[in-house]
Amino acid sequence: MYNRGIRGATTVINNDKQEILDETVVLLKEIVGRNQFEPEDISCIWITMTPDLDAIFPALAIREMEGWNMVPLMCAVEAAVQNSLPKCIRLMIQVNTTKSQQEIKHVYLNEAKRLRPDLVISE
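Conventions adopted
- Positions within a chain are numbered from 1, following the residues in the order the chain's sequence is written.
- Totals for whole chains, interfaces and linings use every residue, but because this is a predicted model, local features are given only for residues with pLDDT of at least 70 and side-chain atom pairs only at 80 or more, for both listing and counting.
- Only hydrogens and water are removed before side-chain values are computed, so all heavy atoms of the structure are retained for them.
- UniProt positions are given in the numbering used here, feature names are shortened, and annotations may be inferred rather than shown by experiment.
- Secondary structure elements follow DSSP: runs of H or I no shorter than four residues count as helices, runs of E no shorter than two count as strands, and numbering proceeds from the N terminus.
- In what follows, residue pairs with any heavy atoms lying within 4.5 Å of each other are defined as contacts.
- Relative accessibility under 20% of the residue-type maximum defines a buried residue, over 50% an exposed one, and the middle range a partly exposed one, all with a 1.4 Å probe and only protein chains included.
- Within 3.5 Å is the distance limit for a polar contact, defined as a pair of N or O atoms, with the added protein rule that one can donate a hydrogen and the other accept it, and that residues adjacent in sequence qualify only through two side-chain atoms.
- Pairing of aromatic rings covers Phe, Tyr and Trp, the last counted by its six-membered ring, and requires centre-to-centre distances within 6.5 Å; plane angles under 30 degrees mean stacked, over 60 mean edge-to-face, and any other angle means tilted.
- Think of it as a cone above the ring: NZ of Lys or CZ of Arg counts as a charge over the ring if it is within 6 Å of the ring centre and within 35 degrees of the ring normal.
- We count a salt bridge whenever a side-chain nitrogen from Lys or Arg sits within 4 Å of a carboxyl oxygen from Asp or Glu.
- Definition used in this section: a nonpolar core is a set of buried Ala, Val, Leu, Ile, Met, Phe, Trp, Tyr and Cys residues joined via side-chain atoms within 4.5 Å.

**Digging into the UniProt feature "binding site: prephenate" (unreviewed entry) in the protein chain**
- Mapped onto this numbering, the UniProt entry annotates "binding site: prephenate" (unreviewed entry) at Arg 7, Arg 90 and Tyr 108. The largest pairwise C-alpha distance within this set of annotated residues, which runs over 102 residues, is 9.0 Å, so the set is compact in three dimensions.
- Relative to the assigned elements, Arg 7 resides in strand E1 (residues 2–11).
- When near neighbours in sequence (up to four residues on either side) are disregarded, Arg 7 contacts Ile 31, Arg 90, Leu 91, Met 92, His 106, Val 107 and Tyr 108.
- Setting aside residues up to four positions removed in sequence, Tyr 108 forms contacts with Arg 7, Ala 9, Lys 113, Leu 115, Arg 116, Leu 119 and Val 120.

**Remarks on the environment of Asp 118**
- Topologically, Asp 118 is positioned in the segment after strand E5 (107–108).
- Of the residues examined, Asp 118 reaches a relative accessible area of 55% and is grouped as exposed.
- Within the local environment of Asp 118, its side chain forms a polar contact with the side chain of Arg 116, the two groups lying 2.7 Å apart.

**Topic: the environment of Arg 90**
- Secondary-structure assignment places Arg 90 in strand E4 (residues 88–97).
- Assessed through its relative accessible area of 13%, Arg 90 is described here as buried.
- Linking Arg 90 and Leu 60, residues 30 residues apart in sequence, is a C-alpha distance of 14 Å.
- In contact with Arg 90, not counting residues within four places along its chain, are Arg 7, Gly 8, Ala 9, Trp 46, Ile 47, Thr 48, Thr 50, Glu 78 and Leu 115.

**Describing the packing of aromatic side chains**
- All chains considered together, the criterion is met by 0 aromatic pairs.
- Stacked on the ring of Tyr 2, the Lys or Arg Arg 4 has its end atom at 4.3 Å from the ring centre.

**Side note on the pattern of salt bridges**
- For the coordinates displayed, the defined rule picks out 4 salt bridges.
- Here Arg 114 ties to Glu 111 by a salt bridge, and the two come within 3.2 Å at their closest N and O atoms.
- Residue classification places Glu 111 among the partly exposed residues on the basis of a relative accessible area of 44%.

**Regarding the nonpolar core**
- Leu 28, Phe 37, Ile 45, Trp 68, Leu 91 and Ile 93 are the most contacted members of the largest nonpolar core, which has 30 residues in total.
- Per element, the largest residue contribution to this core is 7 residues, and it comes from helix H1 (residues 17–35).
- With residues near it in sequence (within four places) discarded, Trp 68 still touches Leu 28, Val 32, Phe 37, Pro 39, Ile 42, Ile 45, Ile 62 and Arg 63.

Now the structure itself:
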């Protein structure tokens, strides 16, 4: 068994509490669906948001999901880099798995697809 990192990112249109919470859940569910793991398999989740998002902690959305309340979560502000993608939420999930790095499916949704077009799965 290995501890693998699974990356994911999405964007919101507005700095709105409910929109941030909703998009965080959509992103996490997509990552779980594509990689088939359970909360018990997770070491921790790092969550970052760009500095223009400050309405709410996205970890709240994950903590309120059924079975996810014991997963260690940490929120941070993404580095403020000129011309970077605005209103972006990123997840780094450290999961215990038997999958190889090539089998891990990273997820980029909404405008975040521009971050890693090489990893975007066609819908």
